[in-house]
Structure formats: C-alpha cells, structure tokens
Amino acid sequence: MGAAEPLRSELWVKRRRCAVSLDPARALLRWWPSPGPGAGAPGADACSVPISEIITVEETDTRGKHYGSGKWQKMEKPFAFTVHCVKRARRHRWKWAQVTFCCAEEPLCHLWLQTLQELLDKLTSRPKHLLVFINPFGGKGQGKRIYERKVAPLFTLASITTEIIVTERANQAKESLYEINIDKYDGIICVGGDGMFSEILHGLIGRTQRNAGVDQNQPRAALVPSPLRIGIIPAGGVPLHRVGWKGHRLSPAGDSLPMDVSSVHHNSTLLRYSVSLLGYGFYGDIIKDSEKKRWMGLIRYDFSGLKTFLSHHCYEGTVSFLPARHTVGSPRDRKPCRAGCFVCRQSKQQLEEEQKRSLYGLENTEEVEEWKVVCGKFLAINATNMCCACPRSPSGLSPAAHLGDGSSDLILIRKCSRFNFLRFLVRHTNQYDQFDFAFVEVYRVKKFQFTSSHMEEEDSDLKERGKKRFGQMCSEHPSCCCSVSNSSWNCDGEILSSSSIEVRVHCQLVRLFARGIEENPKEELDS
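Scoring rules and cut-offs
Residues numbered from 1 in each chain as written. Predicted model: local features only at pLDDT ≥ 70, side-chain atom pairs only at ≥ 80, totals over all residues. Heavy atoms only, no water. Salt bridge = Lys/Arg side-chain N within 4 Å of Asp/Glu carboxyl O. Buried < 20%, exposed > 50% of the residue type's maximum accessible area, 1.4 Å probe, protein only. Patch = residues over 30% accessible without salt bridge, like charges linked within 9 Å, V, L, I, M, F, W, Y side chains within 5 Å. Areas by Shrake-Rupley, 256 points an atom, 1.4 Å probe, with all protein chains shown as cover. Lys, Arg positive; Asp, Glu negative; His and termini not counted. Charge placed at Lys NZ, Arg CZ, Asp CG, Glu CD. Helix = DSSP H or I, 4+ residues; strand = E, 2+ residues; numbered from the N terminus. Core = buried A, V, L, I, M, F, W, Y, C linked by side-chain atoms within 4.5 Å. Contact = heavy atoms within 4.5 Å. Phe/Tyr/Trp six-rings, centres within 6.5 Å; stacked < 30°, edge-to-face > 60°. Pairing = 2+ DSSP bridges. Axes fitted to C-alpha atoms, helices over the stretch in contact; angles between N-to-C directions. pLDDT = per-residue confidence, 0-100. Parallel < 35°, antiparallel > 145°, perpendicular 65-115°, else oblique. Left-handed = near helix turned anticlockwise from the far one by under 90°. Expected span 1.5 Å × (residues − 1). Arc of directions from axis to C-beta. Disulfide = S-S within 2.5 Å.

A. The pattern of salt bridges, seen in detail. Enumeration over the complete set of coordinates arrives at 16 salt bridges. With its nearest N and O atoms 3.0 Å apart, the salt bridge here joins Asp-289 to Lys-293. For Asp-289, a relative accessible area of 9% corresponds to the buried category. A salt bridge links Glu-291 to Arg-294, with the nearest nitrogen and oxygen atoms 3.0 Å apart. For Glu-291, a relative accessible area of 33% corresponds to the partly exposed category. Residue classification places Arg-294 among the partly exposed residues on the basis of a relative accessible area of 47%. Through salt bridges with shared partners, one network takes in Glu-53, Arg-88, Asp-255 and Arg-515.

Written as structure tokens, this is what we have:
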C-alpha cells in the first residue's frame, strides 16, 4: 500500500476497541470507539492529531504486560506502536502526549508504522541539526536543567541532533554567531530570557548582513532575511511575556512563523533591533528606573511603574512617520494576529509589489507617500511590532498589531491629566478600546523618526550637572506634569543611549520555530 492511500483498521487504544483512520490527503490521524468491525463514522468522542503534530512513531514492546480479561484475552501476543505527539493545553501551551495502538497481527502493526513514518519523512520543514544556546544564570540557574529534563528528550525522540553552547558571559551568543559556521545548522534554539533572545537575534541578523555585504549602519539599507529559524524556550529571570511574547512558544512540529524586525538608528549608526516594543516617556522611564533596583527582583517593575506614574513627566518633541499604506488592516479594526494570519500574508504580498514598482522605476514609493509630522508634549510614545500581550494586559498595548505585516503601530499619548492617563492605562486590562481618547493617537507606519526638542543628554555635561542639581525639584511636585528634557527609549527591555532615533520596519526579516497564537485551540487526545 502507498502512503497516499487512506488506511483504516480496527485497533485497541487504552483497552478500548477503536476504529483508526489515517488520511494522507488531509494529513490527519483519527480514532474513535467502535463496537465492532465495520463501525460507522466518528462521533463526538473522536480524537485526532494532524501528521504535522506527530513527533515520531515507534514500535512498542508489549512483552511482560498482562492483559487481564474480556476481549483482550483474544490477543495472546499483541503487537503495538506508539505515536508521540503534542497535545494542546490551557493558555496556549502544548504538552508531550503518547498514544499506543495495539493489534493482534504483526504485519498490520508494521504497515501502520511504515505508513506513518513515510508521511513524517515528507515533512521537509522539520530541522535535523540545531545549535542550542543555554543561559545557565537565568531563571534562578534553572536554564540548563529545564533543557536537559524537558527539551533534550524531545529532540532525541524526533531524531534531531544538537550542538550545545552554555554561555559564560554576556554577548557570548552574539559573538559566537559571528564566528562559527552556521550553514550546517537548520536553526538556533534560545534557552533563556529576553536578553538571550536579543543576543541571538542581533547575532543572526548581523551575520546574515555581513555575509550579504549589507551595511547595517545605513538606515535605508534593505536587510537580507536569515535562512535560519529561531526557537524560544523560556527559562530566564525576566519572563518573555513582559516584553510581549505571550502565546508565541517553540513549536515541536517544525512550524515557521515570520516576524518583522525594526532597525533603530541614530546619526547613521545602528543602535539595536526591536521585535516587540519601543517605548519613550512612560515605558522608557520605567525601564531606566528599574535598572537601578535590580536587587529588588521582578517586583522592581511594579515599584518603578508606580513611581513613574506619580512623577507624570511629559516630553516635548517631533514625531515624523511614513504611513504603511501597503497593509490590509488598521490598528483599531479589532482583528488580532493569529496562526496562519491573512493580514500578514496579504500585506507581505502588497509590500513586495510596491517594492517591485520602485525597483523598476515605475514610482519612488517614499516620494509618492507623504511623511506625516506630529509635534507636541507626550507622556508616552510607543511603537509595537506585536500586540505585546501579557498577564496584566491580556490584549496588549496594540491588540490588532501583526507580527509579519511589515508595519509597526505608533501610539502617541499626549500630555493629559494624571486621572485621564490612569483611565488609559486601565483600558489595557479590559476589553475597551484604549485608543478611544482625545489625547491618544495611533498610526500604522513602516518608518518613523523622533527628535527631542531639547539637546540630547549625552551631548551636554552641563545639562547632566543641572539635572542632578535640580531634578529632585520635579519629583517633589508630581502633580505638575512638568516637561522634562529627555526620556530614554525602552527597546525590548534595553535602554537606548540616544533619545533622537530613526526607525524602519523590515518585513518578515526573521522566522521562528512557532505557529502563532491559535484562536480557542481545541484540546485533543483527551484522556
């Protein structure tokens, strides 16, 4: 029998007779209780698992097992095979599950094994050889243990070979990616927190641009996507959901999820790459203040958040941006990014068509599209490449932001009263539209620039001395909403050295071993 033909048999699952069906055309394995041979169609109690979510299949040794009474007595020496797969659990989590199928005939068992293995061999997107970076210091030193106990066994089961680098210092992962031969790997696995992921992101993008001869310091440079995917295994001191990674987990099925990356420049010098949040004002002040209180642990973010809210500082500057006219959606359309997102796919196609017209001289898109300019005093300026959902903000800072549409949602919160700003923050915890305020503006952009109205902090020693001498005066009068010279940019949890920046979104520059957030995922393989 060929792998393309459907296969159906009467097998035993957990001591229950079941009709088991394998449909190669739909790439689906299904089973349901059967009273006897020739049972009908599956009912509501049917279980199923897509072939893409099967990790491996192996023959099971049934020797030494006792099959007590009833119909099991008919199988003196049952033959069995076990399907290792993933099971959906709560909060978008996947778990390792095993289902064992038994039958009385050895040829039938081998037929199922062969057919399933042939279908698994056709999944060419699955990696064979991975490079794994482990941060042993993150997550209270549990990173290595988490990998060895929970991840390595799955890789072995799926016949994935690995090379492991346990980092000993900061930036080791980034430097290693510049030095080693990465062509022999199918992907890179990050075991750690947001800091480890950032190192791998910057190292992989930087190495790819160096190989392609692209100057990263040029803000207008078109960056080359990396052929390698990144897998994220959270095991860090700072949870990844704090920078917006809720729901985006490592997929054991070898899925590929494209993701936008924003380059941040100052005076033709690359500062950092961002995939989650760029925040100036409120969120920048929080991260800057929290860095001074690392001894407090994770509670430092709550403390710094309250302190920043009470300070109520606003910052004067000019924001200029290029609207993302190629995108299908809008920041307020209430259409979140989900697995297999149509908005990301369609926006990517329209952006490529737009770039082709520009390449062949049909039009210069940057000249045709008009830059918009917004001036004023702002409590916060946020740019999100994803929704930035977290436990305290289930829908995120921008619920309709998309991972791979080539744009960023630019959110401007103008100067307002402390009460109104509190109303805005509270909206992030419920289902109401947080953009429905007169002092809040949101735009979907593909480029933007920010220039502070004051001289940059690092360019003036005199200004620094003045801050030290008079800075305390404002903190003693939190109700004034005073305009302070400069804030700091929070770039995915890291502080940028310059307040005046130039940002460009690079569409689907990297790919993750992930599927995206599934809407109300169905829990299968119920026990």
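B. Molecular detail of a positive patch on the surface. Taken together, the side chains of Arg-93, Lys-95, Arg-145, Arg-149 and Lys-150 present a region of like positive charge at the surface. In terms of residue count, the dominant contributor to the positive patch is helix α3 (residues 143-157) (three residues). Mapped onto the elements, Lys-150 comes out in helix α3. In this structure Lys-150 comes out as exposed when scored by relative accessible area, which is 62%.

C. Spotlight on the nonpolar core. Counting 57 residues, the largest nonpolar core has Phe-197, Ile-200, Ile-413 and Phe-421 as its most contacted members. Here the element with the most residues in this core is helix α5 (residues 194-212); it accounts for six residues. Setting aside residues no more than four positions away along its own chain, Phe-421 makes contact with Phe-282, Phe-309, His-312, Leu-379, Ile-413, Cys-416 and Phe-439. In this structure, Cys-18, Ile-54, Phe-81 and Leu-116 belong to the second largest nonpolar core, which totals 28 residues.

D. Region of interest: the packing of aromatic side chains. This model, assessed by the stated rule, comprises 16 aromatic pairs. Geometrically, the ring pair formed by Tyr-280 and Tyr-315 is edge-to-face, given 5.7 Å between the ring centres and 65° between the ring planes. Taken together, the residues Tyr-280 in strand β14 (residues 277-281) and Tyr-315 in strand β15 (residues 315-323) connect sequence positions 35 residues apart. Residue Tyr-315 is classed as buried on the basis of its relative accessible area, which comes to 3%. Aromatic side chains Phe-321 and Tyr-443 sit 4.5 Å apart centroid to centroid with 35° between the ring planes, which places their arrangement in the tilted category. With Phe-321 in strand β15 and Tyr-443 in strand β18 (residues 440-452), the pair connects residues that are 122 residues apart, well separated along the chain.

E. Just the pairing of strand β3 (residues 28-33), in detail. As defined by bridge partners, strand β2 (residues 16-23) adjoins β3 across six bridges and the pair is classed as antiparallel. Bridged to Leu-22 within β3 is Leu-29. Taking the residues that link successive antiparallel strands as the turn, the β2-β3 hairpin has four residues, and the phi of Ala-27 there is positive, at about 55°. Two elements, β3 and strand β4 (residues 47-50), share four bridges in a ladder whose sense is antiparallel. From the neighbouring strand, Arg-30 faces β4, where its bridge partner is Ser-48.

F. Representation of the sheet that holds strand β6 (residues 79-88) in the model. The strand order β4-β3-β2-β1-β7-β6-β5 describes an open sheet built from seven strands, whose pairing is antiparallel. Both outer strands of the open sheet, β4 and β5 (54-60), are each paired with one neighbouring strand and no more. The average angle at which neighbouring strand axes cross in this sheet is 30°, direction not considered. Judged from the seven bridges that link them, strand β1 (residues 7-13) and β2 form a sheet pairing that is antiparallel. The residue of β2 that forms the bridge with Val-13 is Arg-16. Along the sheet, α3 makes contact with β5, β6 and β7 (94-103), crossing β5 at roughly 70°.

G. Broad picture of the confidence of the model for the protein chain. When pLDDT is averaged along the protein chain, the result is 85; 82% of the residues meet or exceed 70. Within the model, pLDDT remains below 50 along residues 238-244, and this stretch shows 26 contacts once partners closer than five positions in the same chain are excluded.

H. Quick look at the packing of helix α4 (residues 172-179) against α5. At a minimum axis distance of 7 Å, the contact between α4 and α5 shows a crossing angle of 20°. When the axis of α4 is compared with that of α5, the two are roughly parallel. Handedness of the α4/α5 crossing: right-handed. Together, Gln-172, Ala-173, Lys-174, Leu-177, Tyr-178 and Glu-179 of α4 and Met-196, Glu-199, Ile-200, His-202, Gly-203, Leu-204, Gly-206, Arg-207 and Arg-210 of α5 make up the contact between the two elements.

I. Layout of unusual backbone geometry. Of note in the backbone geometry, Asn-267 takes a positive phi value of approximately 50° without being a glycine. Within the fold, Asn-267 resides in the loop between β12 (257-265) and β13 (270-274). Despite not being glycine, Asp-492 has its phi angle at roughly 50°, a positive value. Tracing the backbone shows Asp-492 in the loop between β19 (489-491) and β20 (494-495).

J. The arrangement of α5 in detail. Taking 1.5 Å of rise per residue, the 19 residues of α5 would be expected to cover 27 Å, and the 27 Å separating its terminal C-alpha atoms lies within 8% of that figure. Of the residues flanking the end of α5, it is Gly-213, one or two places downstream, whose phi is positive at about 75°.

K. Highlighting helix α10 (residues 418-427). Restricting attention to buried positions, one finds in α10 the residues Phe-421, Phe-424, Leu-425 and Arg-427. Across the axial projection of α10, the buried residues extend over an arc of 155°, all falling on one side. As for α10, its buried residues are in contact with α6 (282-291), α7 (299-311), β16 (372-384), β17 (408-414) and β18.

L. Expanded view of the state of the cysteines. As enumerated under the stated definition, the model contains zero disulfides in all. In this structure Cys-47 is not part of a disulfide, and its nearest cysteine sulfur, from Cys-18, lies 7.9 Å away.

M. Region of the structure containing the environment of Cys-18. Of note, Cys-18 is situated in strand β2. We classify Cys-18 as buried; its relative accessible area is 5%. Other than its neighbours up to four places away in sequence, Cys-18 contacts Ser-9, Glu-10, Leu-11, Val-13, Trp-31, Trp-32, Pro-33 and Ser-34.

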